[in-house]
Amino acid sequence: MRIRRKLLLGLATTLVAAGLVAPSFQPAYAASLVEVTSFGNNPGRMRMHIYVPDNRPARPATVIAMHGCGGSGPAFYSGSEFASLADRYGFIVIYPTATQQAGFGNCFDTWSDAAKRHDGGSDPVSLVSMVRYAQQQYNADPERVYATGSSSGGMMTNHMLAVYPEVFKAGAAFMGVPYNCFAGAADYPPGSSQCTGGNMNRTPQQWGDAVRQQAYPGYSGPRPRVQVWHGTADTLVPYSLLQESIEQWTNVFGLSQTPTSTDTPQAGWNRRRYADGSGTVQVEAYSIQGAGHSLPAGGMAAAAIAFFGLTSTPSPTVTPTPTTTPATPPPTTPPPTTPPATTPPATTPPASGACRVTVTVNAWNTGLTANLTITNTGVSAVNGWSLAFGLPAGQTITSGWNATYSPTSGQVTARNLAYNAAIPANGSIDIGFQVTHSGNAAKPASFALNGAPCTVA
């Protein structure tokens, strides 16, 4: 199939996060996110954070959850529901932070020759080291390891299933691309990528051969089951790449390109399933009608966990004390998510100068992404917020994350979602948006939080 020319991958962040289903409010987790500073072989120079629920079975499953470009593990933890699902079902979640700087920066390496080979090096080896650490430290079950992620993290999900089929049982990729889609680091940035720019049209056999012959030549064991998600209106990672991913994995499993069943499990979610002769669904694909580069949204993380088979309630067990120390997540760009847009009444506006906004812009020829960190520098918490700013001339917002944006040009107001309505004193939250522009890639010059002017960093 031909893909129309589009831009590349979105920041995630979380693209963020792989966000997954966002809770109706930020949950108070019983356990803590901790950073592991020494977890084994780390050629990708990655950071590792881990969330281990207090209530879990003797041999818990492990889910590795990966952010999008520009994001971080702590931001994906904060911007997704995986930790609350882990509390409910008793699995461990690993939140890696990528440090590769192709594209938008902090992207997972799915382009280098080393990363494309089993035990070749770079990020995949670092990620497997994190999984091994969880197994050694927390007695995690090596037969129940799963991968998920959003945008860059979704790309790495497909990548890890190809390169390490003996490690993973299944994966759920949000807004990803097939394994071996990128020719190299130069093919990764927006505006110049053949993978995401409109020229990627391979046959199922070609996609399948890449997995069999390049990722892990000679491997003859079982393959991980695959779930893939994409929005039909995605302008960063084209929706047509969903079909390329389907073609790759159905070919790897030796399945027909015709789904064995189709349904609509939720309004706007069109699902195709590809089962083998025994009736086991090996590949599952979701087309989300009208969605842009904003997945996962409400309910999707839970659907991924259900696909993994992790939705049984764990039996209580003793809880070993982690040997690492709680991490303090740095300000980072969280994944784009689309949670319920419940907006509590705003508190009294903070005093002038009691807020600070830090803006980072990543621009290319006709578009850019802006990542905003909003800091409450006042002495009291803000509960319910709106951030007003003027979008530079010629810019139009096409998608955003961790806030609602209206209108899409001119004087814009970003409003909180249900889970990030509170900003404690001296606390920060991260939001962001993508725009198209006609040559003016400037960032907004001023901001007002609940009507009070903010300093701009």
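Just so we're clear, the structure is a prediction, and the values are computed from it rather than from any experiment. (Residues numbered from 1 in each chain as written. Predicted model: local features only at pLDDT ≥ 70, side-chain atom pairs only at ≥ 80, totals over all residues. Heavy atoms only, no water.)

Asker: Give me the lowdown on the overall build of the chain, citing residues and values where you can.
Answerer: Within the chain, the regular secondary structure consists of eight helices and 23 strands. Evaluated residue by residue, the chain yields a buried proportion of 60% over its 457 residues. Surface exposure of the chain reaches about 15700 Å², of which carbon and sulfur atoms provide 51%. (Helix = DSSP H or I, 4+ residues; strand = E, 2+ residues; numbered from the N terminus. Buried < 20%, exposed > 50% of the residue type's maximum accessible area, 1.4 Å probe, protein only. Areas by Shrake-Rupley, 256 points an atom, 1.4 Å probe, with all protein chains shown as cover.)

Asker: Lay out the packing of helix 3 (residues 122–138) against helix 4 (residues 152–163) in plain terms, naming residues and giving numbers.
Answerer: In the contact formed by helix 3 and helix 4, the axes pass within 11 Å of each other and the chain directions differ by 80°. For the element pair helix 3 / helix 4, the angle class is roughly perpendicular. Counted together, D123, P124, L127 and V128 of helix 3 and M156, H159 and M160 of helix 4 form the full contact between these two elements. Each residue belonging to the contact of helix 3 with helix 4 can be placed in one class, and the counts come to five nonpolar, one polar and one charged. (Axes fitted to C-alpha atoms, helices over the stretch in contact; angles between N-to-C directions. Parallel < 35°, antiparallel > 145°, perpendicular 65-115°, else oblique. Contact = heavy atoms within 4.5 Å. Nonpolar A, V, L, I, M, F, W, Y, C, P; charged D, E, K, R; others polar.)

Asker: Describe the confidence of the model for the chain, with residues and values.
Answerer: Of the residues in the chain, 84% reach a pLDDT of 70 or more, and the chain-wide mean stands at 85. Per-residue pLDDT stays below 50 along residues 1–29; that stretch engages in 171 contacts with residues further than four places along the chain or on separate chains. Confidence drops under pLDDT 50 across residues 318–352; counting only partners more than four residues distant or on other chains, this segment forms 118 contacts. (pLDDT = per-residue confidence, 0-100.)

Asker: Run through the state of the cysteines, naming residues and quoting values.
Answerer: On inspection of all chains with the given rule, the structure shows three disulfides. The disulfide bridge from C69 ends at C107, spanning 2.0 Å between sulfur atoms. Its torsion about the S-S bond being 130°, the disulfide of C69 and C107 is classed as right-handed. Taken together, the residues span a long stretch of sequence, with C69 in the loop between strand 3 (62–66) and helix 1 (73–78) and C107 in the loop between strand 4 (92–97) and helix 3 at a distance of 38 residues. Just as C69 is buried, C107 falls in that class too. A sulfur-sulfur distance of 2.0 Å marks the disulfide that ties C181 to C195. Its S-S torsion of approximately 105° makes the covalent link between C181 and C195 right-handed. Of this pair, C181 sits in the loop between strand 6 (170–174) and helix 5 (194–197) while C195 is found in helix 5, placing the two residues 14 residues apart along the sequence. Residue class for C181 comes out buried when judged on its relative accessible area of 2%. (Disulfide = S-S within 2.5 Å.)

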